[in-house]
Amino acid sequence: ARLMAMGKPVYNAVMRHSDGKPALVFVPSRRQAQLTAIDLMTYRDSMDEGTFLSKSAQLDDIAAVTSEFREPALLQVVSAGVGFVHSGMLDSEWEKVTQLYRDGILQVLVCPADLCWKVKETAHLVVIMGTETFDGRERRYIDYPIADLLHMMGKASRQAVDSSGTCAIFCHTPKKEH
């Protein structure tokens, strides 16, 4: 429920701080990556503000790339300028989505926090949705390691492109002091 409540604030952060530049959103799980990408697309659509696609994006080019996607949700959000990746994707789909993001066609890329070391992309804005994930073996929520959080925050700098980057961390109120 807490992550569902973060959907609109994440959208507002992307709109307010990205200035049309790339944004990376880190979420706790694979499922949440898909849900957050759909939420961002839906909020943008409901505000009649167009899509997160770059102004130079050609819909025919995007359709050609996405025609082979197996995941229907991925096909839907990519056409709106939002992409998501997770560990269960085919390597070809992962590569296509990240290439669209690197080429500037997709403005937003959503991925699970546990893949922060695998994702090579950087952004002007990094949003971290929550600072804990559920551990099924221990049946409890555990905090992200500090090294992972620092690595995610470090993705908010595109050297030789931006003079500064922005990172927004959304977390449970009691954790804000840490």
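In this report, we go over the structure that sits alongside the text. The structure presented is a predicted model; accordingly, all values stated were derived computationally and were not measured.

### Concerning the packing of helix α2 (residues 7-17) against helix α3 (residues 30-46)
And step 1. One can describe the packing of α2 onto α3 by two numbers: an axis separation of 10 Å at closest approach and a directional angle of 70°. Judged by the inter-axis angle, α2 sits roughly perpendicular to α3. Between α2 and α3 the crossing geometry is right-handed. Two secondary-structure elements touch here, α2 through G7, K8, V10, Y11 and M15 and α3 through L40, Y43 and R44.

### Considering the sheet that holds strand β2 (residues 82-84)
And step 1. Pairing is parallel in the open sheet, where five strands are placed in the order β2-β3-β1-β4-β7. Looking at strand neighbours, the two that pair on one side only are β2 and β7 (166-170), the edges of this open sheet. Across the sheet, the mean angle separating the axes of adjacent strands is 15° when strand polarity is ignored.
And step 2. Sheet topology note: the strand β1 (residues 23-27)/strand β3 (residues 108-112) ladder contains five bridges and is parallel. Counted as the bridge partner of V25 is V110 from β3.
And step 3. Relative to strand β4 (residues 125-129), α2 is tilted by about 170°, and along the sheet it contacts β1, β3, β4 and β7.
And step 4. Packing against the sheet, helix α6 (residues 91-102) makes contact with β1, β2 and β3, and its axis sits at approximately 140° to β3.

### Regarding the nonpolar core
And step 1. Counting residues in hydrophobic clusters, the biggest one holds 54 residues, and the most contacted among them are V10, V14, V25, L40, V108 and V110.
And step 2. Those residues in contact with V108 that lie beyond four places of it in its chain are V14, A23, V25, L40, F52, G81, V82, G83 and Y101.

### Overview of the pattern of salt bridges
And step 1. Going through the model one piece at a time under the given rule, you end up with four salt bridges.
And step 2. E95 is paired through a salt bridge with R102; the nearest N and O atoms lie 2.8 Å apart.
And step 3. Judged by relative accessible area, R102 falls into the partly exposed class, the value being 43%.
And step 4. Taken together, the salt bridges that share partners define one network made up of E95, R102 and E121.

Here is what the cut-offs are and how they apply
Residues numbered from 1 in each chain as written. Predicted model: local features only at pLDDT ≥ 70, side-chain atom pairs only at ≥ 80, totals over all residues. Heavy atoms only, no water. Axes fitted to C-alpha atoms, helices over the stretch in contact; angles between N-to-C directions. Helix = DSSP H or I, 4+ residues; strand = E, 2+ residues; numbered from the N terminus. Parallel < 35°, antiparallel > 145°, perpendicular 65-115°, else oblique. Left-handed = near helix turned anticlockwise from the far one by under 90°. Contact = heavy atoms within 4.5 Å. Pairing = 2+ DSSP bridges. Core = buried A, V, L, I, M, F, W, Y, C linked by side-chain atoms within 4.5 Å. Buried < 20%, exposed > 50% of the residue type's maximum accessible area, 1.4 Å probe, protein only. Salt bridge = Lys/Arg side-chain N within 4 Å of Asp/Glu carboxyl O.

Coordinates in, geometry out; function isn't part of it.
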